[in-house]
Protein chains: 6
Amino acid sequence: MRVVTMGEMMIRFMPKGNLRIEQADEFEVHYGGDESIVAVSLARFGMESRYVTKLPENPLGDNTLRKLKSHSVDTSYVARGGERLGLNFYENGASVRPSIVLYDRKNSAIADADPEDFDFDAIFKDADWFHISGITPAISDKAAKLTEVAMKAAKKYDVTISIDLNYRAKLWSVEKAQSVMIPLMQYVDVCIGGAEDAARMLDFKSSKPMYTEEGYNIEAYKEYFVGLKEEFGFKYVASTLREGASSSDNAWAALLYDGKEFYHTRKYELHLVDRGGGGASFSAGLIYGILNGFDIAKTGEFAVAASALKQTIMGDYNLVNLDEVYALMNGDGSGRVQR
Amino acid sequence: MRVVTMGEMMIRFMPKGNLRIEQADEFEVHYGGDESIVAVSLARFGMESRYVTKLPENPLGDNTLRKLKSHSVDTSYVARGGERLGLNFYENGASVRPSIVLYDRKNSAIADADPEDFDFDAIFKDADWFHISGITPAISDKAAKLTEVAMKAAKKYDVTISIDLNYRAKLWSVEKAQSVMIPLMQYVDVCIGGAEDAARMLDFKSSKPMYTEEGYNIEAYKEYFVGLKEEFGFKYVASTLREGASSSDNAWAALLYDGKEFYHTRKYELHLVDRGGGGASFSAGLIYGILNGFDIAKTGEFAVAASALKQTIMGDYNLVNLDEVYALMNGDGSGRVQR
Amino acid sequence: MRVVTMGEMMIRFMPKGNLRIEQADEFEVHYGGDESIVAVSLARFGMESRYVTKLPENPLGDNTLRKLKSHSVDTSYVARGGERLGLNFYENGASVRPSIVLYDRKNSAIADADPEDFDFDAIFKDADWFHISGITPAISDKAAKLTEVAMKAAKKYDVTISIDLNYRAKLWSVEKAQSVMIPLMQYVDVCIGGAEDAARMLDFKSSKPMYTEEGYNIEAYKEYFVGLKEEFGFKYVASTLREGASSSDNAWAALLYDGKEFYHTRKYELHLVDRGGGGASFSAGLIYGILNGFDIAKTGEFAVAASALKQTIMGDYNLVNLDEVYALMNGDGSGRVQR
Amino acid sequence: MRVVTMGEMMIRFMPKGNLRIEQADEFEVHYGGDESIVAVSLARFGMESRYVTKLPENPLGDNTLRKLKSHSVDTSYVARGGERLGLNFYENGASVRPSIVLYDRKNSAIADADPEDFDFDAIFKDADWFHISGITPAISDKAAKLTEVAMKAAKKYDVTISIDLNYRAKLWSVEKAQSVMIPLMQYVDVCIGGAEDAARMLDFKSSKPMYTEEGYNIEAYKEYFVGLKEEFGFKYVASTLREGASSSDNAWAALLYDGKEFYHTRKYELHLVDRGGGGASFSAGLIYGILNGFDIAKTGEFAVAASALKQTIMGDYNLVNLDEVYALMNGDGSGRVQR
Amino acid sequence: MRVVTMGEMMIRFMPKGNLRIEQADEFEVHYGGDESIVAVSLARFGMESRYVTKLPENPLGDNTLRKLKSHSVDTSYVARGGERLGLNFYENGASVRPSIVLYDRKNSAIADADPEDFDFDAIFKDADWFHISGITPAISDKAAKLTEVAMKAAKKYDVTISIDLNYRAKLWSVEKAQSVMIPLMQYVDVCIGGAEDAARMLDFKSSKPMYTEEGYNIEAYKEYFVGLKEEFGFKYVASTLREGASSSDNAWAALLYDGKEFYHTRKYELHLVDRGGGGASFSAGLIYGILNGFDIAKTGEFAVAASALKQTIMGDYNLVNLDEVYALMNGDGSGRVQR
Amino acid sequence: MRVVTMGEMMIRFMPKGNLRIEQADEFEVHYGGDESIVAVSLARFGMESRYVTKLPENPLGDNTLRKLKSHSVDTSYVARGGERLGLNFYENGASVRPSIVLYDRKNSAIADADPEDFDFDAIFKDADWFHISGITPAISDKAAKLTEVAMKAAKKYDVTISIDLNYRAKLWSVEKAQSVMIPLMQYVDVCIGGAEDAARMLDFKSSKPMYTEEGYNIEAYKEYFVGLKEEFGFKYVASTLREGASSSDNAWAALLYDGKEFYHTRKYELHLVDRGGGGASFSAGLIYGILNGFDIAKTGEFAVAASALKQTIMGDYNLVNLDEVYALMNGDGSGRVQR
């Protein structure tokens with residue numbers, strides 16, 4: 001089973017530990033990017049995972065490629081060229097201090113890429129699934145166009161399409177996002193994203209509050225999912241449910257809807273090491289579950305366990321294997337030393 | 001609006017992470033000192049902030065000065081000379097293991113400074129506020145004398161004076177502290193400090209317990225503040241309220257009394273990165289609020305939010321800006337990534 | 001009072017912070033080994049502490065010896081020679097991600113040692129206590145034999161013998177463990193270990209669950225201890241009681257039985273820095289208490305406080321002194337800075 | 001005496017030690033930029049030093065400003081705004097492996113700055129000297145225009161103007177450079193730069209080889225300097241003379257010509273720590289010497305000693321004081337420990 | 001063109017900088033192994049490079065594999081299983097202090113591998129060249145057998161075979177080495193190694209000294225090469241020529257003989273960063289040159305330049321690309337910054 | 001054979017690599033002190049080595065003691081108490097930039113120690129040699145007195161006394177040094193120190209230059225040694241001979257005179273890792289040679305080889321063993337990897 005993902009890979013510069021950007025006289029280098037996190041997760045789970053992007057012809061681009069190859073991601077369709085690799089500076093918050101991202105990603109190779117940089121027929125003809133996030137069309141008009149071209153090409157080969165909405169206020173306005181995203185929804189089979197993002201990106205709002213002092217209003221969320229499905233024709237809708245008022249600790253769960261059933265997963269209380277990549281790791285788990293024919297409950301528990309583990313790991317990628325996800329799913333979150 | 005502070009700056013040598021001093025084969029270098037923390041906070045909030053101290057003429061003294069200048073603190077009245085810079089070794093505790101300070105600050109330049117080292121008329125004639133902690137008079141008899149001289153000079157120019165009591169058992173005895181501190185109180189307008197410190201330093205005790213198993217007894221504390229005001233003629237009394245039985249986690253709030261009203265702030269549950277500088281950051285927030293005409297509630301919430309943020313930041317200084325303090329005050333302690 | 005311990009010392013390679021082994025491009029080097037942790041603890045508490053092992057004649061063996069000497073452990077009877085020093089790779093878990101140990105300890109010098117490498121008469125004739133863990137006989141058949149020889153020699157000099165059961169599934173099967181351990185029990189006076197390990201290693205099972213959703217069933221545990229005493233003739237039985245479903249936080253307490261009384265200690269809620277060495281530090285505390293004539297309550301509180309502190313310290317050894325243990329025992333877990 | 005410099009400040013990301021960019025999982029953060037190096041040197045030598053640039057309103061811009069302030073550089077005329085801070089990735093070579101710079105500086109705040117961002121009348125009216133490098137006009141057309149505007153404004157106030165040619169092939173072509181640089185030369189009093197750069201940027205070539213297997217041809221160089229003076233009307237011409245075929249070791253000297261005399265300095269054999277900033281530190285030394293009325297020999301020895309020291313210091317800035325430069329000038333390069 | 005190499009990959013634990021093993025409280029982790037260095041070099045030069053080994057099924061084995069994949073080495077025929085990954089501890093010497101290797105590689109997966117672990121027909125049928133070092137048959141009797149089986153299989157498919165003699169005194173005696181190596185020479189086409197190793201491993205001695213105070217005796221070396229060719233039927237003989245009495249600096253050159261001509265390369269004076277992997281990088285360069293039809297001079301200069309660069313790079317692998325090797329070959333060892 | 005040494009141990013805070021003190025945001029912690037370096041060297045060479053000092057009762061004092069114990073130095077006579085541990089800040093120079101020491105050692109425990117702190121009869125009655133440096137009497141008047149008391153006590157037991165002159169301009173003036181040192185010389189058997197120090201401390205000058213552009217004037221030095229012997233009655237005079245005008249590279253040799261013969265050792269060209277402790281390591285080698293009955297040549301070569309190795313090792317202590325010294329003495333400075 002082969003999954004294709006497409007997006008931007010960036011270097012994430014991160015001060016060590018809990019230092020502020022202001023305090024950093026050295027930055028850790030992490031490679032990330034939403035869709036590449038999905039690609040790496042799926043490759044590590046043993047699937048054929050093809051990642052599509054454009055990388056500059058310089059040592060940073062080379063490194064990015066090596067990182068992907070090390071995890072057995074198929075990089076045959078990565079284009080080379082363009083001006084630069086996108087960067088971001090990420091400050092890990094702590095307790096009541098929020099984490100901060102400072103983007104420096106304009107004019108990146110993928111933001112300036114053309115559809116001609118990629119042979120989408122070759123890319124999709126042996127593929128089963130195409131996943132993309134709402135960050136990719138946000139990075140530039142050309143990237144929005146590229147997203148549309150890719151989705152159409154995928155549909156040509158009957159490839160299932162999933163999107164993780166992922167609204168980024170620093171990249172585009174609500175208006176701009178809606179103008180790009182709503183037309184793309186006709187190609188989407190599986191929509192991943194919370195009510196807040198859907199409201200902003202798809203202009204689809206609920207009159208009921210999804211979140212109250214007691215936490216998520218699951219019944220309202222279910223209604224909302226049904227509405228999304230009806231409005232946009234999705235076959236599957238899912239969202240992670242993060243709770244917590246601290247950069248150090250969060251609760252983590254998910255709600256899934258396959259058009260028939262709902263499933264509300266177990267909730268993990270997480271002490272966060274690096275929350276980055278949590279959402280994308282959930283997407284990877286969801287895709288893995290669906291493609292392997294898991295039922296909605298097993299899919300949900302797999303995806304939420306995988307993405308919970310991610311948040312205990314430094315860096316963007318979910319450096320776990322299948323056994324570790326299953327172990328947590330099956331209840332061994334005991335913190336016992338394995339010896 | 002110009003605030004003057006005076007005190008000792010020290011290098012704080014700190015093992016990395018949670019290592020014990022015994023385990024350290026390298027020490028992180030932090031610069032600190034109670035009043036300099038106030039000075040840096042106020043300069044970062046945009047106020048004119050003048051810091052008075054004496055630093056040795058060596059690379060460590062130079063570094064200290066550069067650190068202050070980088071934060072736009074006015075160092076025009078920093079004297080140079082003397083024998084050495086005070087040091088301390090600080091071991092960050094964890095969980096049930098307490099943090100430890102090992103002082104090596106005898107014979108520091110400021111401990112041996114003379115009033116003649118400073119032109120107090122120039123220092124205070126354009127100033128609005130003078131802040132000092134009870135640590136400064138504790139470091140030596142000369143420093144106690146210097147404190148008195150400075151307070152008198154400040155009063156000559158009708159400068160508001162605040163003191164943060166801050167009893168340090170490793171620097172002086174209760175008896176010695178009282179003999180120095182009580183006579184100084186006639187100059188003080190704003191007294192910052194908990195009942196425990198006031199009892200030890202001002203010999204002012206309450207018959208009621210201020211702290212019980214349920215936490216602080218706020219009503220007893222209010223009575224106590226009224227008593228302090230009456231006894232010493234303070235215009236304003238305030239204290240932070242720290243709760244917790246762990247080096248890793250604390251609750252943090254404050255009680256303020258402006259002679260008319262009391263205000264008990266919101267309580268933050270903090271996962272501590274570095275609790276050092278929490279009290280001084282509160283003092284800075286209090287001074288900022290009063291000088292900017294905030295009401296007692298806004299002053300209290302500002303000061304407690306600012307000092308809560310400090311404790312999520314490594315090192316002595318409160319490396320935040322006004323927007324970040326307001327964001328936390330206004331309720332965004334959500335730990336959401338800002339992107 | 002002189003305590004002898006015997007076992008294997010290993011290098012523990014540990015990625016920094018919460019990194020996975022996969023992410024480590026450098027490993028911290030820690031020296032450990034269950035019995036050496038006991039030896040170092042007791043030496044630091046001021047007792048005569050003799051450690052017996054065999055170390056290779058190479059820089060790693062030299063380092064191991066220097067580490068012991070630095071803590072004033074008597075290394076006069078450490079044999080030199082053999083092929084290699086045992087190693088392990090240890091990944092510190094976080095939150096729902098468990099810690100992992102990867103052993104690489106086959107053919108270590110001590111695993112291949114012969115009884116002739118040691119002059120047990122000299123070793124034990126001036127000793128009061130001999131402590132060993134169930135890990136030592138597990139590392140090889142020769143080490144199992146060596147354990148037996150040592151126990152017999154100790155008994156010849158009326159030395160009290162304690163064992164910490166410590167079942168290691170990666171070293172031997174339950175069947176093998178029982179075949180070695182049960183015959184050794186005739187020499188043992190003090191048995192330290194939980195019901196789970198006793199069941200596996202001594203084939204001694206209880207029909208009652210020792211642990212339920214509410215935590216440990218202390219009454220069942222007491223019955224179990226009585227049973228163990230009767231079956232194997234132990235004079236003293238004790239076990240630590242760890243609770244928690246996270247690699248980051250645990251509760252920590254202990255239950256002791258001296259053949260007459262039971263004592264269930266205070267429970268510490270720990271934010272873990274490094275849980276490794278917790279059990280061995282408890283053993284050291286227990287031995288210290290008994291040898292110093294503490295009553296069962298003081299013994300238990302001392303041992304559990306000492307071992308709680310250990311878990312707030314990075315590395316295998318319990319780098320505390322007596323004053324620090326007493327301070328925690330006596331209730332100062334307040335996290336207050338000592339200045 | 002006040003010196004104004006203007007240019008771009010960048011973050012330099014550098015792998016630790018001799019690692020390649022490819023190997024770096026963390027980068028050291030250095031702040032640099034040719035003219036800012038001159039500004040910091042002069043401020044450290046005790047001169048009034050004003051630096052003009054534009055910095056983005058983000059934590060990286062703030063840090064840059066703090067770095068300048070810490071060295072007492074006057075930043076009153078630093079504009080804020082624009083899109084980003086320029087970056088470069090710098091790989092320290094070793095032995096036969098050359099150092100590599102990878103620029104990522106397009107669209108930086110200063111590259112997009114307008115003359116209106118700066119009040120050049122205020123900037124120059126109390127100034128004695130204006131220094132700029134040939135890198136600044138190379139970064140963008142707007143920056144070239146800005147350079148011209150600044151030079152004209154400086155001339156209005158009879159400010160001496162120096163330029164360090166500094167050709168950067170990765171920023172512009174020879175043709176483009178000449179079209180910008182030649183017209184600017186009318187404003188320049190002091191030209192710093194080697195024959196190679198002058199040939200490329202000013203289209204001024206010599207028929208004689210300046211460098212042979214035996215090293216620099218000083219006589220040819222002198223002729224060349226005379227020619228430059230005649231062609232462009234410079235009052236002073238100077239160039240550093242670097243020799244060596246290794247990234248680890250270089251010889252370092254200079255040739256100066258004040259329109260009357262030539263001076264060829266002592267040659268230092270340097271083991272390089274960080275050659276970056278060597279040229280700019282020479283410029284600072286030259287300006288310091290001329291403005292302080294040193295004769296050409298003292299100016300030359302001061303400038304070459306200062307810049308030799310720079311290359312033994314990690315990072316862009318020449319973190320020395322006057323005493324250290326004089327000590328080296330006066331012959332104490334003995335490597336003796338000062339104790 | 002496809003090159004197959006086979007051997008052992010090890011973790012190299014290295015103290016930072018110039019620290020001794022004794023001083024290391026952390027070790028850098030490098031992956032290496034002679035033949036894998038050849039494989040990575042050739043893959044980076046753009047060739048098809050297949051590496052054959054056996055790796056344990058644990059995180060260390062996984063990491064090893066990821067490292068190879070990241071450099072685009074074909075790992076399809078890497079077997080998994082066995083007990084452990086071989087290790088070594090390597091202390092970088094300095095100046096008059098030699099570097100030290102401490103092996104801990106017994107019972108590694110590849111040392112215990114069987115011919116049945118590999119499908120040699122598949123491995124060699126599309127291959128052009130097979131390279132192995134004399135370290136591989138030295139690690140165990142099974143590995144010596146495996147080497148013979150592999151050589152025979154390679155010959156079956158007319159694959160050119162090269163060997164790098166590489167005597168390791170810590171792995172086998174001279175007698176044992178000769179008994180294994182001499183019979184293998186019948187399969188070898190290209191022999192790489194100095195006279196000292198050939199004397200020890202092939203019992204082939206010269207009466208003339210190869211090395212005198214003036215350096216290598218090239219004429220004697222040429223005679224020796226002719227002798228080797230005649231005795232063992234090699235088609236090509238080559239050796240690197242290292243000179244120097246310091247761990248910090250060496251000269252580096254090579255002598256090649258293709259059965260007709262000799263070529264003595266340029267000599268590089270190297271300031272060493274990490275000399276490990278120098279010899280294997282030479283082998284890779286030699287193979288690249290021969291397979292690409294370079295003449296003997298170009299082959300020699302390519303191989304010696306590539307391997308000179310290696311020694312300026314930390315870690316075992318020669319992290320350069322073709323352009324960098326050509327640049328050095330063509331004379332740009334100027335240490336100029338590329339900007 | 002037992003050697004006693006006495007002096008001050010200090011923490012040396014050192015920036016990493018070649019950073020300046022100004023750049024250090026962390027300091028490496030090294031323990032040192034001239035006589036302790038001798039003590040550790042001799043203990044590592046297998047001699048009974050007793051070190052006498054006074055250390056404060058705090059974690060820094062504890063660490064110091066542990067460091068000594070780890071090297072098997074006899075610390076039975078180390079007194080505890082006093083105010084603080086002496087510190088110094090040491091900046092490693094590079095190339096033309098000299099190394100810098102910043103002392104902060106006033107009021108250290110040993111500087112304030114009384115003769116009553118030590119039982120000199122017990123200390124010396126089983127000793128063969130007493131070594132001290134001229135730094136110890138320089139640190140305070142009490143330490144000068146202590147030195148005299150110790151020397152007298154040593155003489156009572158016919159213990160050979162050696163002194164390493166080691167003038168420290170930052171600790172005392174030439175006049176003060178002479179007033180203390182000259183009277184002490186009556187007890188000294190072996191005087192170690194160069195002509196420059198002897199001139200300053202013993203007021204013993206030569207009319208001939210000892211050092212010229214060609215290097216040391218060995219003949220003049222010999223005359224000078226004879227003069228010293230005659231003036232002060234020394235039985236043995238020796239001096240190391242350091243040459244070089246760089247912080248990175250030095251030549252290192254020695255001249256010895258046993259009252260009969262002179263011996264001028266081999267000269268090592270050193271690339272320095274840390275020159276600190278070079279002189280003390282020479283003293284240790286000299287003492288080892290004399291006590292083991294080596295002839296003057298073997299003594300000299302041993303001492304100079306040992307101290308050459310020291311300078312390739314980071315930190316104060318000469319972390320080598322006898323085999324390594326002999327290997328270098330016997331000519332293996334080849335920089336060959338030992339594998």
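Residues numbered from 1 in each chain as written. Chains lettered and ligands numbered in written order. Predicted model: local features only at pLDDT ≥ 70, side-chain atom pairs only at ≥ 80, totals over all residues. Heavy atoms only, no water.

Caption draft 1: Examining the nonpolar core more closely. Core analysis: the biggest nonpolar cluster contains 128 residues, and Phe13, Leu42, Phe45 and Phe89 of chain B together with Phe13, Phe89 and Leu286 of chain F have the highest contact counts within it. Dropping the residues within four chain positions of it, Phe89 of chain B is found in contact with Phe13, Ile21, Phe27, Ile100, Val101, Leu102 and Asp104 of chain B together with Phe13, Leu60 and Leu87 of chain F. (Core = buried A, V, L, I, M, F, W, Y, C linked by side-chain atoms within 4.5 Å. Buried < 20%, exposed > 50% of the residue type's maximum accessible area, 1.4 Å probe, protein only. Contact = heavy atoms within 4.5 Å.)

Caption draft 2: Inspection of the interface of chain E and chain C at higher detail. Of the residues lining the interface, 23 residues belong to chain E; the matching set on chain C comes to 23 residues. Counting the surface lost from both chain E and chain C, the interface buries some 2,000 Å², and carbon and sulfur atoms represent 58% of this. At the junction of chain E with chain C, the criterion picks out eight salt bridges. The salt bridge involving Lys16 of chain C is made with Glu26 of chain E; its shortest N-O contact spans 3.0 Å. At the boundary of chain E and chain C, one finds 13 residue pairs in polar contact (both at pLDDT 80 or more). Of all the elements in the fold, those that place two or more residues in the side of chain E that touches chain C are strand E3 (26–32), helix H2 (59–70), strand E7 (86–91) and strand E8 (100–104) of chain E. Looking at the side of chain E that touches chain C, its residues break down into ten nonpolar, three polar and ten charged. Relative to E3 of chain E, strand E3 (residues 26–32) of chain C is paired through three bridges, and the arrangement is antiparallel. Among the inter-strand pairings, Glu28 of chain C is bridged to a residue of E3 of chain E, identified as Glu26 of chain E. (Buried area = accessible area lost by both parts, 1.4 Å probe. Salt bridge = Lys/Arg side-chain N within 4 Å of Asp/Glu carboxyl O. Polar contact = N/O pair within 3.5 Å; in protein donor to acceptor, adjacent residues only side chain to side chain. Helix = DSSP H or I, 4+ residues; strand = E, 2+ residues; numbered from the N terminus. Nonpolar A, V, L, I, M, F, W, Y, C, P; charged D, E, K, R; others polar. Pairing = 2+ DSSP bridges.)

Caption draft 3: Focus on helix H10 (residues 322–329) of chain A. All names here are of chain A. All buried positions along H10 are accounted for by Val325, Leu328 and Met329. Buried residues along H10 cover an arc of 105° about the axis, so they all sit on one side. Residues of H10 that are buried in the fold lie against strand E17 (268–271) and helix H9 (296–310). Among the residues trailing H10, Gly331 stands out with phi positive, at a value near 105°. (Arc of directions from axis to C-beta.)

Caption draft 4: Representation of the packing of helix H4 (residues 141–156) of chain D against helix H5 (residues 174–184) of chain D. All names here are of chain D. For the pair H4 and H5, the least separation of the axes is 10 Å and the interaxial angle reads 10°. Classified by the angle between their axes, H4 and H5 sit roughly parallel to one another. From H4, Asp141, Ala144, Thr147, Glu148 and Met151 reach across to H5, where they touch Lys176, Val180 and Leu184. Considering only residue class, the contact of H4 with H5 consists of four nonpolar, one polar and three charged. (Axes fitted to C-alpha atoms, helices over the stretch in contact; angles between N-to-C directions. Parallel < 35°, antiparallel > 145°, perpendicular 65-115°, else oblique.)

Caption draft 5: Looking closely at the relation of the copies chain E and chain C. Superposing chain E onto chain C takes a rotation of 180° combined with a translation of 0.0 Å along the rotation axis, leaving an RMSD of 0.0 Å. The superposition operator between the copies reduces to a two-fold rotation axis. The C-alpha atom lying nearest the rotation axis in chain E is that of Phe27 of chain E; the distance is 2.7 Å. Interface overlap between copies is the fraction of interface residues in one copy that are interface residues in the other; for chain E against chain C it reaches 100%, indicating a shared surface. (Least-squares fit on C-alpha atoms with pLDDT ≥ 70 in both.)

Caption draft 6: Broad picture of the packing of aromatic side chains. Under the defined criterion, the tally for this structure stands at 134 aromatic pairs over all chains. Arranged with centres 4.3 Å apart and planes meeting at 10°, the rings of Tyr257 of chain C and Phe262 of chain C form a pair that is stacked. Ring plane angle 20° and centroid distance 5.1 Å describe the contact between Tyr288 of chain D and Phe302 of chain D, whose orientation is recorded as stacked. Here Tyr288 of chain D is found in helix H8 (residues 278–291), whereas its partner Phe302 of chain D is found in helix H9 (residues 296–310), with 14 residues between them in sequence. Neither Tyr288 of chain D nor Phe302 of chain D differs from the other in exposure class; each is buried. Clustering of aromatic rings is evident, with ring pairs tying together Phe204, Tyr211, Tyr216, Tyr221, Tyr224, Phe225, Phe232 and Phe234 of chain A. The lysine or arginine in question, Arg12 of chain A, covers the ring of Tyr90 of chain A, its NZ or CZ lying 4.7 Å from the ring centre. The cationic tip of Arg105 of chain A hangs over the ring face of Tyr103 of chain A; the distance from NZ or CZ to the ring centre is 4.8 Å. (Phe/Tyr/Trp six-rings, centres within 6.5 Å; stacked < 30°, edge-to-face > 60°. Lys NZ or Arg CZ within 6 Å of the ring centre and 35° of its normal.)

Caption draft 7: A look at the relation of the copies chain A and chain B. Rotating chain A by 120° about the axis while translating it 0.0 Å along that axis superimposes it on chain B, leaving an RMSD of 0.0 Å. Such a combination of turn and shift is consistent with a three-fold rotation axis. Among all C-alpha atoms of chain A, that of Gly17 of chain A lies closest to the rotation axis, at 5.1 Å. An overlap of only 4% is found between the interface residues of chain A and their copies at the interface of chain B, pointing to separate contact surfaces.

Caption draft 8: Summary view of the pairing of strand E2 (residues 10–15) of chain D. Residue and element names in this part refer to chain D. Summarising burial for E2: six of the six residues are buried, a large majority. Residues Met10, Arg12 and Met14 of E2 are buried on one face, and the alternating residues Ile11, Phe13 and Pro15, pointing to the opposite face, are buried as well. Taken together, the six bridges between E2 and strand E3 (residues 26–32) define a ladder with antiparallel strand orientation. Counted as the bridge partner of Met10 is Gly32 from E3. For E2 and strand E7 (residues 86–91), the ladder comprises four bridges, and the chain directions are parallel. When the sheet's bridge partners are listed, Met10 is paired in E7 with Gly86.

Caption draft 9: Focus on the environment of Asp323 of chain F. Checked against the element boundaries, Asp323 of chain F lands in helix H10 (residues 322–329). Counting along the chain gives 278 residues from Asp323 of chain F to Phe45 of chain F, while the straight-line C-alpha distance between them is 9.3 Å.

Caption draft 10: Spatial organisation of the sheet that holds strand E7 (residues 86–91) of chain F. Spatially, the eight strands line up as an open sheet ordered E8(B)-E7(B)-E2(B)-E3(B)-E3(F)-E2(F)-E7(F)-E8(F), and their pairing is mixed. Every other strand in the sheet has two partners, leaving strand E8 (100–104) of chain B together with strand E8 (100–104) of chain F as the edge strands with one partner each. Strand-to-strand twist of the sheet, defined as the mean angle between neighbouring strand axes without regard to direction, takes the value 30°. Alignment of strand E7 (residues 86–91) of chain B against E8 of chain B, held across five bridges, turns out to be antiparallel.

Caption draft 11: Region of the structure containing the interface of chain A and chain B. Each partner contributes to the interface: chain A provides 26 residues, whereas chain B provides 23 residues. Ranking the residues of chain A by area buried against chain B places Arg20, Glu22 and Val96 of chain A at the top, with a combined share of 26%. In this structure, the connection of chain A to chain B is made through two salt bridges. Between Arg20 of chain A and Glu324 of chain B there is a salt bridge; the shortest N-O distance is 2.5 Å. Inspection of the region where chain A meets chain B yields six residue pairs in polar contact (both at pLDDT 80 or more). The biggest single contributor to the side of chain A that touches chain B is strand E8 (residues 100–104) of chain A, with three residues. Taken together, the residues of the side of chain A that touches chain B break down into ten nonpolar, nine polar and seven charged.

Caption draft 12: Region of interest: the side chain of Glu28 of chain E. Within the element layout of this structure, Glu28 of chain E appears in strand E3. Among the polar contacts listed, one links the side chain of Glu28 of chain E to the side chain of His30 of chain E, at a separation of 2.7 Å. Among all residues touching Glu28 of chain E, those that are not within four sequence positions of it are Asp25 and Glu26 of chain C together with Arg12, Phe13, Met14, Lys16 and Met314 of chain E.

Caption draft 13: Spotlight on the pairing of strand E3 (residues 26–32) of chain B. With seven of its seven residues buried, E3 of chain B lies for the most part within the structure. Neither face of E3 of chain B is open: one carries Glu26, Glu28, His30 and Gly32 of chain B, the other Phe27, Val29 and Tyr31 of chain B, and all of them are buried.

Caption draft 14: Fine view of the sheet that holds E3 of chain D. Spatially, eight strands are ordered E8(A)-E7(A)-E2(A)-E3(A)-E3(D)-E2(D)-E7(D)-E8(D) in an open sheet, and the strand pairing comes out mixed. Each edge of the sheet is formed by a strand with only one pairing partner; in this case those strands are E8 of chain A together with strand E8 (100–104) of chain D. In this sheet, adjacent strand axes meet at a mean angle of 30° when their direction is disregarded.

All we've got here are geometric facts, nothing functional implied.
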